[in-house]
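If you want the building blocks of each chain, they are given just below.
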Amino acid sequence: MILSALATSVGLNLALTVLLAAAYSLLRRRPPYVEVYAPRRPYAPLESWLAAAWRRSEEDVHAAAGLDGVVFVRIFVFSIRVFAAAAVLGVGVLLPVNFFDHQLQEIDFTDLPNKSIDLFSVSNVQDGSSKLWLHFSAVYIITGITCYLLYHEYKYISGKRLEYFMISKPLPQHFTVLVRAIPLSDGVSVGDAVDKFFKEYHASTYLSHTVVHQTGKLRRLLNNAESICTKLTNLKYVRRSTGESRNDLVGKYQKRLEDLEENVRMEQSDATRRQEIAAAFVSFRSRYGAANAVYIRQSDNPTEWQTELAPDPHDVYWPFFSTSFMERWIAKFVVFVASVLLILVFLLVVAFVQGLTYLEQLEQWLPFLRNILEIAVVSQLVTGYLPSVILHFLSSYVPSIMKLFSTMQGFVSVSGIERSACNKMLRFTIWTVFFANVLTGSVLRQYEIFLDPKELPTKLAVLVPAQASFFIAYVVTSWTSITSELTQITALFCHLWGKCAKCCKRDGSKAPSMPYHSEIPRILLFGLLGLAYFIVAPLFLPFVLVYFCLGYFIFRNQLFNIYVPKYDTGGKFWPVVHSTTIFSLVVLHIIVIGVFGLKKLPLASSLLLPLPLLTLLFNEFCRNRFLPIFEAYSTESLIKKDREEQSKPDMAEFFSNLITAYCDPALKPIQRASNSDERTAPLLASV
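These figures come from a predicted structure and were not determined experimentally. (Residues numbered from 1 in each chain as written. Predicted model: local features only at pLDDT ≥ 70, side-chain atom pairs only at ≥ 80, totals over all residues. Heavy atoms only, no water.)

(A) Layout of the overall build of the protein chain. Summing up its helical and strand segments, the protein chain has 27 helices and six strands in all. Taking all 687 residues of the protein chain together, the buried fraction comes to 52%. (Helix = DSSP H or I, 4+ residues; strand = E, 2+ residues; numbered from the N terminus. Buried < 20%, exposed > 50% of the residue type's maximum accessible area, 1.4 Å probe, protein only.)

(B) View of the pattern of salt bridges. Applying the stated criterion to the full structure yields 19 salt bridges. Linking glutamate 153 and arginine 81 is a salt bridge whose minimum nitrogen-to-oxygen distance equals 3.3 Å. Of this pair, glutamate 153 sits in helix H5 (residues 132–167) while arginine 81 sits in helix H4 (residues 58–101); the two residues are 72 residues apart in sequence, bridging distant segments of the chain. If you follow the salt bridges from partner to partner, you end up with Glu58, Glu59, Arg74, Arg81, Glu153, Lys160 and Glu163 in one network. (Salt bridge = Lys/Arg side-chain N within 4 Å of Asp/Glu carboxyl O.)

(C) Examining empty space enclosed by the protein more closely. Per the counting criterion, the structure on display carries three cavities of 30 Å³ or more. There is about 120 Å³ of room inside the largest cavity. If you go around the largest cavity, you meet 15 residues; those closest to its centre are Phe78, Ser79, Phe83, Gly527 and Thr581. Elements with a contribution of two residues or more to the lining of the largest cavity: H4, helix H21 (516–532) and helix H23 (574–598). Across the lining of the largest cavity, the residue classes break down as nine nonpolar, six polar and no charged. (1 Å grid on protein atoms, 1.4 Å probe; cavity = no way out; pocket = protein on both sides within 12 Å on 5 of 7 lines; lining within 4 Å. Points joined across faces, edges and corners; volume = space filled by probe spheres on them. Nonpolar A, V, L, I, M, F, W, Y, C, P; charged D, E, K, R; others polar.)

(D) Expanded view of the packing of H21 against helix H22 (residues 541–561). Two elements in contact, H21 and H22, have axes separated by 10 Å at closest approach and are oriented at 160°. As far as their axial angle goes, H22 and H21 are roughly antiparallel. The handedness of the crossing between H21 and H22 is left-handed. Two secondary-structure elements touch here, H21 through Tyr516, Glu519, Arg522, Ile523, Phe526, Gly527 and Gly530 and H22 through Leu541, Val544, Tyr547, Phe548, Phe555 and Leu559. When its residues are assigned to classes, the contact of H21 with H22 shows nine nonpolar, two polar and two charged. (Axes fitted to C-alpha atoms, helices over the stretch in contact; angles between N-to-C directions. Parallel < 35°, antiparallel > 145°, perpendicular 65-115°, else oblique. Left-handed = near helix turned anticlockwise from the far one by under 90°. Contact = heavy atoms within 4.5 Å.)

(E) Quick peek at helix H15 (residues 398–409). For H15, built from twelve residues, the straight-helix expectation of 16 Å at 1.5 Å per residue is met to within 8% by its first-to-last C-alpha distance of 17 Å. Glycine 410 sits one or two positions beyond H15 and adopts a positive phi of about 95°. (Expected span 1.5 Å × (residues − 1).)

(F) Region of interest: the sheet that holds strand E2 (residues 206–213). Spatially, four strands are ordered E2-E3-E1-E4 in an open sheet, and the strand pairing comes out antiparallel. Among the strands making up the open sheet, the edge pair consists of E2 and strand E4 (306–309). Taking the axes of each pair of neighbouring strands and ignoring which way they run, one obtains an average angle of 30° across the sheet. In this sheet, strand E3 (residues 276–284) lies alongside strand E1 (residues 176–180) in antiparallel orientation, the contact comprising five bridges. Each bridged residue has a counterpart across the sheet, and for arginine 180 the counterpart in E3 is alanine 279. (Pairing = 2+ DSSP bridges.)

(G) Here's a closer look at the layout of surface pockets. What the second largest pocket holds in volume is close to 1,300 Å³. Around the second largest pocket sit 42 residues that line it, and Ser396, Ser484, Glu485, Glu519 and Arg522 are the ones nearest its centre. Those elements that place two or more of their residues in the lining of the second largest pocket are helix H2 (34–37), helix H14 (386–395), H15, helix H16 (414–439), helix H19 (468–487), helix H20 (489–501) and H21. Counting residues per element, the lining of the second largest pocket draws most heavily on H19, which supplies seven residues. Of the residues contributing to the lining of the second largest pocket, the split by class is 21 nonpolar, 14 polar and seven charged.

Nothing here speaks to function; it is geometry throughout.
Structure follows, in structure tokens:
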């Protein structure tokens, strides 16, 4: 990519970013758009969103979005710190060295806009040059800075996890375990078996249990009833708005709703009498008692009385219990095959996108566009902007697919589904967006590169710099993408469509939840790209730093105004961030070892060999030091917390509510609205 094409892409995306931010600043202050831009608030905010995002403290973030929200913001803070240091080293030291060494060609400043951005890369440094030792030193410096910040963040977040646990109010999930594979004998119900077992072996701490029922059919009836209820609400909304008479249609839906309500009540009665599953939520009088039930095997037969930590009652994914073991096993196999096929399809997309970056290849594919492509501005847009836009657009559909895959695999909680989807998205993104673009070619050729580890550094040292222009354009396009998060284009369109068509009424009380499973992998991808190109193309660094700064302000704003947390894992996303950053550092080391080999500086390559090993040893130290804190709370913390609360008067009320906390919402009685105009609309529980 030549500099003028890069400037065109940067200018276009910067203009779109400013335009979107300005549109948001105007629309958010107008009362008609409160349900789009501030569904968590009853009024249009007046304060500048940038000022509000800046002044909010971490305690405010925790109050609004939980510890997961704090961790999400800390990812941006960590990234800004790392890449601010990297930008100082890269742009202040390495980039001038690269530019003025002119191995590729003599510099003609009058024709600079038509020069390749390779002039700013390590490729422009003379082979064997002593200046390459500056690059060598920079690798050690940025590795040391990143590892220090990783240790600081891991320590800080693990400390916050313990701190918030100690000051938190009693939560049902801390006192409850999920028990599965309950052995049954003839004539004994699941409830009786659970009650007998835990009264015998956990007599001092056992409180109560809630048996899980098969409610798949009931859930379908409730979904149908909710759908009809929504149609009724919309019809009455249209009737009030337009004055049209739709009494016949309203009466028809009311009759269908009444029939469904009766069927729901009959199915609820049948479910509670007959359709028990060999699983139950068992509650205890102390956190320590619940922990003992989880971490000590309950039976001599390890396939029976299997226990795990219970999720928050609102986090339980109840349809999980309506699938059999065989169905979940088949679903896992189907997900594996579907994931492989998805990657293969996306590799074809990447091959097409890569073809757009080369004008000569594009002219061969579409010869009838040759005259148009010869126009400078058009060729710059097509080769420098269009490929990254296409990749962004198609990638935006992948998170929902990964979430569907995780749902099929059988997780007992929504948080478990999204954490699994996050891991899937991370692997998919790193492979298809980074490695597939870097290694461009057939799938077999990509795998062959990894089959010869000795040649991997050299091959990456050649291939990674060649794609610098594509990834710079990709990051710059992401400025627009992340700013579009502010404008909530999809929600805005639905809002405007509903106002114009007068056929639907959006429920403004239902604010969306933060899509951690899609946003965290995207942030980590840019961290990987920034570290991978730190040495070979330091021009990359300012663009990725701008992305992280935009994300910091934008998502702090969204966490307060848009997103309502569905769950709180207690910061369990951070270990994923730590491991991925370690992986990114190792990728950097492998690339740089290959670069020094190509640049005829074998001593530097040899002196870098210990660095990935030291980085991995650091990672192992952090895993042993901090990861256990994210997996379980200690005996010290549990007993201390239990002792602090055992004499509090409100604990009796908490335990009373705990007995029914894990009742399946599908089994709760349907209540009718008190408003006479909505008298047939049931207030259905969230299922």
